[in-house]
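# What the coordinates show
Now for the letters of each chain:
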Amino acid sequence: MNETRLVQVRQNVLKQNDVAARALRARFHEDGVFVVSMVSSPGAGKTAFLERVLGSLREHYRVAALVGDLATDNDAVRLARSQTPVKQIVTGTVCHLEAAMVASALEGWQPENLDFLFIENVGNLVCPSTFDLGEDLRVVLFSVTEGEDKPLKYPTIFNTADAALITKTDLSAAVEFDRAAAYRSIQAVRPGMEIFEASAKTGDGMERWLEWLMSRREAAREAAVPSSIETGKGKT
Amino acid sequence: MHELSIALSIVDMAAEEAERQGGRVVAVHLKLGPLSGVVKAALLSAYELAREGSPLPDSELIIEEVPVVVYCDACAAERGLPSMQELRCPVCGAPTPQVVRGRELEVVALEIET
């Protein structure tokens, strides 16, 4: 007679991605590049916003971007107008980026020559939440035209993000955007989350966002110093 | 719809373990948290596709959904949450940003027939 036995396993299904993400994070820290990933629904304005960010930061920093899409390299072409290195990751049918895709997109690049690397995920508020990309910060964007309750509809992505950015604020009045309600939704699913507002069109709100980004990069660099001395791998 | 790639990983993982153990996988037990970003129903149907042509074609995926557990600073206690829409202590009402559990996507056990 056949016998069935129960074998305890305890294995994280995402182990492969997590291992790849950890390797990326270690490499980014070693290289001193601050990595920011951006997630949103399609059409929330990630690319327009990123165009502005790259354009502003490139005056003082070495910046680059990876951009994920199911098809086309339109976004990379747009972002390249900011005269920064940009690479498109075409995911085919895959609805999100995974750490391995980021790693292979970086082949032939020298992240150690960068201060900031931006990763624009595929437009999707569901799938990207599951996959760590080795980034320092994950920012979730949503536009004033999407409705104030977006965070309540997609709590997982908001919960796994480090900051929220409300985009297209120049349209606020036209769509009667209820700012207080949007803040309440964000704080409900992620208490204490840092919230920014910006218009890529007018440039409103960009200053506060950029200042925060630069301060987070500084904080990460300062935090990294003691450990690099301990391990003897510090760069002078 | 990233459940299919996740289902494929589960099948791979189980097949590998079954080969080590020697035997046929009858069932895979999975722990799933609401903050994993994976939907139970979608994962179950993806699993039916993923197991086809694999070393465990007639295995069953058994999913245990686990709640989100947060740490409430004010109460100094862990609390299970009824909903992800409101990260707030169900007892005292304080906001609870610290998630203790709820991101699980973990194969916990295999039923192996020998």
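Since we're looking at a predicted model, the values are computed, not measured.

### With respect to the overall build of chain B
Assigned secondary structure in chain B consists of two helices and six strands. In sequence order, chain B lays out its α and β elements as α-β-α-β-β-β-β-β. The 114 residues of chain B split such that 47% are buried. Contacts in chain B between residues far apart in sequence, at least 24 positions, make up 69% of those at least 6 positions apart. Summing over all exposed atoms, chain B offers an accessible surface of approximately 5,400 Å²; the carbon and sulfur share of this is 51%. Looking at chain B, you have 9 positive and 18 negative side-chain charges, and the mean spots of the two groups are 7 Å apart.

### Details of the interface of chain B and chain A
Contact residues are listed per partner, giving 38 residues for chain B and 29 residues for chain A. When the two sides are added together, the surface that chain B and chain A hide from each other amounts to roughly 2,800 Å², 55% of it contributed by carbon and sulfur. Inspection of the region where chain B meets chain A yields one salt bridge. Put simply, chain B and chain A have 16 residue pairs in polar contact (both at pLDDT 80 or more) between them. Taken together, the elements giving at least two residues each to the side of chain B that touches chain A come down to helix 1 (3-21), strand 1 (24-32) and strand 6 (105-113) of chain B. Broken down by element, the residue count for the side of chain B that touches chain A peaks at nine residues, all from strand 6 of chain B. Grouping the constituent residues of the side of chain B that touches chain A by class yields 20 nonpolar, eleven polar and seven charged. Bridge count between strand 1 (residues 4-12) of chain A and strand 6 of chain B: seven bridges; the pairing is antiparallel.

### Let's talk about the confidence of the model for chain A
For chain A, the average pLDDT comes to 91, and 94% of its residues sit at 70 or higher. Considering only residues more than four positions removed or in separate chains, one finds that residues 228-236 of chain A, a stretch of pLDDT under 50, has six contacts.

### Description of the nonpolar core
The biggest cluster of nonpolar side chains holds 29 residues, and the ones touching the most others in it are Ile10, Val28, Leu30, Leu43 and Val107 of chain B. Breaking this core down by element, the ones donating at least two residues are strand 1 of chain A together with helix 1, strand 1, helix 2 (40-51), strand 2 (60-65) and strand 6 of chain B. Looking at this core, the element that brings in the most residues is helix 1 of chain B, giving eight residues. The residues touching Val107 of chain B, leaving out its near neighbours within four places in the chain, are Val9, Arg10, Gln11 and Val13 of chain A together with Ile10, Met13, Val28, His29 and Leu30 of chain B. In this structure, Val36, Phe49, Val67 and Phe118 of chain A belong to the second largest nonpolar core, which totals 28 residues.

### A few points about a nonpolar patch on the surface
Judged by side-chain polarity, Leu4, Leu8 and Leu49 of chain B come together as a nonpolar surface patch covering roughly 250 Å² of accessible area. On the secondary structure map, Leu4 of chain B appears in helix 1.

About the thresholds
- Residues numbered from 1 in each chain as written.
- Chains lettered and ligands numbered in written order.
- Predicted model: local features only at pLDDT ≥ 70, side-chain atom pairs only at ≥ 80, totals over all residues.
- Heavy atoms only, no water.
- Helix = DSSP H or I, 4+ residues; strand = E, 2+ residues; numbered from the N terminus.
- Buried < 20%, exposed > 50% of the residue type's maximum accessible area, 1.4 Å probe, protein only.
- Contact = heavy atoms within 4.5 Å.
- Areas by Shrake-Rupley, 256 points an atom, 1.4 Å probe, with all protein chains shown as cover.
- Lys, Arg positive; Asp, Glu negative; His and termini not counted.
- Charge placed at Lys NZ, Arg CZ, Asp CG, Glu CD.
- Buried area = accessible area lost by both parts, 1.4 Å probe.
- Salt bridge = Lys/Arg side-chain N within 4 Å of Asp/Glu carboxyl O.
- Polar contact = N/O pair within 3.5 Å; in protein donor to acceptor, adjacent residues only side chain to side chain.
- Nonpolar A, V, L, I, M, F, W, Y, C, P; charged D, E, K, R; others polar.
- Pairing = 2+ DSSP bridges.
- pLDDT = per-residue confidence, 0-100.
- Core = buried A, V, L, I, M, F, W, Y, C linked by side-chain atoms within 4.5 Å.
- Patch = residues over 30% accessible without salt bridge, like charges linked within 9 Å, V, L, I, M, F, W, Y side chains within 5 Å.

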